[in-house]
Amino acid sequence: MMKSLFLEKMESAGDAVITYRSPVSKKLKYNVCTLEFNSCEYIKEKNKKKNITVKEDCILLFCWDTDSFRQINIEAVTNIQPLSTILRNRIL
């Protein structure tokens, strides 16, 4: 996936289920993630404790399902599904 498309989809989704192909096992995996670090006090507090260097071709996300920050290679992403559509609470 292209970085610009990834960022556009994440911006409109807020929180999303990101499906990606694992570089090790080559299996599809997923995480429930967000890029909205500054709008949530919980993530802000966790971010203060970390000094993370982001690898090239990766993007830093906060994953709600693992309660941690994670670097995901954008090229490995196969799908971004807004969490609101799964929970059926999207605003029309």
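The rules behind each value
Residues numbered from 1 in each chain as written. Predicted model: local features only at pLDDT ≥ 70, side-chain atom pairs only at ≥ 80, totals over all residues. Heavy atoms only, no water. Phe/Tyr/Trp six-rings, centres within 6.5 Å; stacked < 30°, edge-to-face > 60°. Helix = DSSP H or I, 4+ residues; strand = E, 2+ residues; numbered from the N terminus. Buried < 20%, exposed > 50% of the residue type's maximum accessible area, 1.4 Å probe, protein only. Pairing = 2+ DSSP bridges. Salt bridge = Lys/Arg side-chain N within 4 Å of Asp/Glu carboxyl O.

J.: How should I be thinking about the packing of aromatic side chains in this particular structure?
T.: The relation between two aromatic rings is expressed through the spacing of the ring centres and the mutual angle of the planes. Overall, the coordinates contain five aromatic pairs when judged by the stated rule. Between Tyr42 and Trp64, the ring centres sit 6.4 Å apart and the planes meet at 20°, which makes this aromatic pair stacked. In this pair, Tyr42 is assigned in helix α2 (residues 41-48) and Trp64 in the loop between β3 (58-63) and β4 (68-73), connecting sequence segments 22 residues apart. Ring centres of Phe62 and Phe69 lie 5.2 Å apart, and the angle between their planes is 75°; this geometry places the pair in the edge-to-face category. The exposure classification of Phe62 matches that of Phe69, with both residues buried. Among the aromatic residues, those joined into a cluster by ring pairs are Phe37, Tyr42, Phe62, Trp64 and Phe69.

J.: Looking at this structure, how should I read the pairing of strand β2 (residues 28-34)?
T.: The side chains of a regular strand alternate, residue by residue, between the two faces of the sheet. Here strand β1 (residues 15-21) pairs with β2 via seven bridges, running antiparallel. Bridging across to β2, Ala16 finds its partner in Cys33. The hairpin formed by β1 and β2 contains six residues between the paired strands, and Lys26 there has a positive phi angle of roughly 65°. In terms of strand pairing, β2 meets β3 through two bridges, oriented antiparallel. Among the inter-strand pairings, Cys33 is bridged to a residue of β3, identified as Cys63.

J.: I tried to follow the pattern of salt bridges on my own but got confused; where do I start?
T.: Pairs can form between side chains of opposite charge once their charged atoms are near each other. Scanning all chains against the criterion turns up two salt bridges. Notably, a salt bridge pairs Glu41 with Lys44, separated by 3.3 Å at the nearest N-O pair. In this pair, Glu41 and Lys44 both sit in helix α2, three residues apart, roughly one turn of the helix. Take Glu41: its relative accessible area is 54%, and that puts it in the exposed class. Given a relative accessible area of 30%, Lys44 falls into the partly exposed group.

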